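# Coordinate inspection notes
The chain contents come next:
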Amino acid sequence: MNGRKSYSAAGLTYPDQGLTRLGRAPEGYRVARHRVAVGSGREAFARLADGILAWDLHRVAGLRLDRSTPRAAEGVDVVSRFGVGPLRLAAPCRVVWAVEEPDRAGFGYGTLPGHPASGEESFLAVLAPDGRVHLELFAYSRPSNWFYRAGAPVTVAVQKFVTRRYLAAARKLAAGT
């Protein structure tokens, strides 16, 4: 991944992988669920779906990415980096499922060692029968160690900030801007 640390041998840091695909979370995790209309029509859906699967949702939201492929697919590793300059926090993840259907496209990824949280997050573009395009975000997480547990209020605030950035990015992608 661009000369950076390889996570290929690392295992996910939580049990019950793939639950975001089912919209479920294990006991003891903080849950965040959002479904937001971001556009309308098949073209807006196609732009958003491609933007999610090609990592543009993350890029437009302001995250820097190191990834093992240009498109999300099961088994792909990605490291999101958030922050400024040398104060960038690395968040390594692995895609645990991906879907590309006529009215639904996206993926879910889970945390790898070194991520400040332990859990899973999913990103889905959904074309509703009425033509509205929705971004569905679902995540469950808990701090990965004592250090991040101690800073839980900051971690939650950062997660909420990044979620707002994802929602704004989805609107831009659906609109083609």
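Please read these numbers as outputs of a predicted model, since none were measured by experiment. (Residues numbered from 1 in each chain as written. Predicted model: local features only at pLDDT ≥ 70, side-chain atom pairs only at ≥ 80, totals over all residues. Heavy atoms only, no water.)

Let's shift gears to the environment of Glu-100. Along the chain, Glu-100 falls in strand E4 (residues 89-101). Here the alpha-carbon distance between Glu-100 and Leu-53, two residues 47 residues apart in the chain, equals 8.8 Å. If we ignore the near neighbours within four places in the chain, the residues touching Glu-100 are Leu-53, Arg-71 and Ala-105. Separated by 3.2 Å, the side chains of Glu-100 and Arg-71 make a polar contact. (Helix = DSSP H or I, 4+ residues; strand = E, 2+ residues; numbered from the N terminus. Contact = heavy atoms within 4.5 Å. Polar contact = N/O pair within 3.5 Å; in protein donor to acceptor, adjacent residues only side chain to side chain.)

Extensive coverage of strand E6 (residues 117-127) is indicated by the burial of 11 of its 11 residues. The side-chain alternation of E6 yields two buried faces, one formed by Ala-117, Gly-119, Glu-121, Phe-123, Ala-125 and Leu-127 and the other by Ser-118, Glu-120, Ser-122, Leu-124 and Val-126. Taking the residues between adjacent antiparallel strands as the criterion, strand E5 (residues 104-111) and E6 are bridged by five residues, where Gly-114 takes a positive phi near 100°. (Buried < 20%, exposed > 50% of the residue type's maximum accessible area, 1.4 Å probe, protein only. Pairing = 2+ DSSP bridges.)

The next point concerns the packing of aromatic side chains. On inspection of all chains with the given rule, the structure shows eight aromatic pairs. Ring geometry for Tyr-29 versus Tyr-140: centroids 5.4 Å apart, planes at 85°, classification edge-to-face. Here the residue Tyr-29 occupies a position in the loop between helix H1 (19-22) and strand E1 (30-40), and Tyr-140 occupies one in strand E7 (residues 132-143), the gap between them amounting to 111 residues. Between Phe-107 and Tyr-109 the ring centres are 5.5 Å apart and the planes differ by 65°, which places this aromatic pair in the edge-to-face class. Assessed through its relative accessible area of 0%, Phe-107 is described here as buried. (Phe/Tyr/Trp six-rings, centres within 6.5 Å; stacked < 30°, edge-to-face > 60°.)

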